[in-house]
Amino acid sequence: MKIIDAHLHFEQGGYWDVIAEEAGHVNTVAHLADTYKEHNVVHGIVMGNKPITETDCEYPQHLSYCVGIGHQTFDFNRIEEQMPLLEEHLRRDTCVGIKFYPGYSYFYIYESRFDPIYELAEKYNKPVAVHTGLTATDTALLKYSHPMVLDDAAVRHPHVQFVMCHMGEPWFMDAVAVMMKNQNVAADLSGILAGKLPDEEAFYRKNAYFVEQLKGQLTILQDYLRFMFGTDWPLANYGDYINFTKHIVPEEAWEAVFYENAKRIYRPKELL
Ligand SMILES: [Zn+2]
């Protein structure tokens, strides 16, 4: 089975190298290429962490990216001025969407000041991915990353395709409610595991309630065309993550969740 990783990060040094090692990986281009070969991952969607000014950013082969909008990459006091830069990204084939980082940055994605960003997403017909759920830093604020923020945004921008990253972890029920109501919201299943599981069986035993809850919420939506496999690389171990996703998604939906949905939503050029 071919796989698209619909959510990874591609940054080197410090924190990124440490979490890669904790996941049983090495944070290098060569190791990522080997890992992709090993698991038949044919493409990956990088959630950008580079400044918006880097309009010529390059990623290794088989990776596309979403241009990241958070306080470290974007100046929220100069939105209008940065629209030409955003447009420059969106014009590129390798840029397949926009990624918002609410929670880490203090803003609601539905604020009217962001309308120009959504206009560009619509113009270029590229999805808007949104961080939802828990965060990796204590200074983040969860009120901005609750899945419910997608409801307001999806209603305000009915022609924009949204991707709820991490399916609002651990607010899976809220995430599904938002998706039930808004057909223009999909979700990626990344970032739910971290590190390398020392003992997979023990993990599923210990976390039975959590895993069953997630699995149950997926069945409630009854629409596997709106969930995508993603790892949040280098946060989690690839093999573990594939097994985990197979555990929570019924086999008849694997083709859609592991490959087809990401191909349809992000439309990476090399796969079209
Ligand atoms: Zn991520």
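Residues numbered from 1 in each chain as written. Predicted model: local features only at pLDDT ≥ 70, side-chain atom pairs only at ≥ 80, totals over all residues. Heavy atoms only, no water.

A closer look at the packing of helix α6 (residues 172-181) against helix α8 (residues 208-221)
Then, number 1: For the pair α6 and α8, the least separation of the axes is 9 Å and the interaxial angle reads 10°. As summarised for this structure, α6 and α8 are arranged roughly parallel, according to the angle between their axes. Seen from α6, the contacting residues are Phe 172, Met 173, Val 176, Met 179 and Met 180; seen from α8, they are Phe 210, Gln 213, Leu 214, Gln 217, Ile 220 and Leu 221.
Then, number 2: The residue makeup of the contact of α6 with α8, split by class, is nine nonpolar, two polar and no charged. (Axes fitted to C-alpha atoms, helices over the stretch in contact; angles between N-to-C directions. Helix = DSSP H or I, 4+ residues; strand = E, 2+ residues; numbered from the N terminus. Parallel < 35°, antiparallel > 145°, perpendicular 65-115°, else oblique. Contact = heavy atoms within 4.5 Å. Nonpolar A, V, L, I, M, F, W, Y, C, P; charged D, E, K, R; others polar.)

Examining the UniProt feature "domain: Amidohydrolase-related" (unreviewed entry) in the chain
Then, number 1: The positions UniProt marks with the feature "domain: Amidohydrolase-related" (unreviewed entry) are residues 85-267.
Then, number 2: Between the C-alpha atoms that bound residues 85-267 there is a distance of 21 Å. The span itself is 43% helix and 11% strand. (UniProt positions renumbered as here; feature names shortened; annotations may be inferred.)

A few points about the layout of surface pockets
Then, number 1: Its volume calculated, the largest pocket comes out at about 710 Å³.
Then, number 2: Forming the boundary of the largest pocket are 30 residues, of which Tyr 15, Trp 16, Tyr 101, Tyr 104 and Ala 136 lie nearest the centre.
Then, number 3: The dominant element in the lining of the largest pocket, judged by the number of residues it contributes, is helix α1 (residues 14-22), at three residues.
Then, number 4: Per-class residue counts for the lining of the largest pocket are 13 nonpolar, 14 polar and three charged.
Then, number 5: Taken as a whole, the second largest pocket holds about 230 Å³ of empty space. (1 Å grid on protein atoms, 1.4 Å probe; cavity = no way out; pocket = protein on both sides within 12 Å on 5 of 7 lines; lining within 4 Å. Points joined across faces, edges and corners; volume = space filled by probe spheres on them.)

Looking at the pairing of strand β6 (residues 162-165)
Then, number 1: Of the two faces of β6, the one carrying Phe 162 and Met 164 and the one carrying Val 163 and Cys 165 are both buried.
Then, number 2: Bridge analysis of strand β5 (residues 128-131) against β6 gives four bridges, and the strand direction is parallel. When the sheet's bridge partners are listed, Val 128 is paired in β6 with Phe 162.
Then, number 3: Assessed by its sense of winding, the connection that carries the chain from β5 through helix α5 (residues 149-156) to β6 is right-handed.
Then, number 4: Sheet topology note: the β6/strand β7 (residues 185-188) ladder contains three bridges and is parallel. The partner of Val 163 across the bridge, within β7, is Ala 186.
Then, number 5: Note on the crossover from β6 through α6 to β7: the handedness is right-handed. (Buried < 20%, exposed > 50% of the residue type's maximum accessible area, 1.4 Å probe, protein only. Pairing = 2+ DSSP bridges. Right-handed = clockwise from strand over helix to strand, strands pointing away.)

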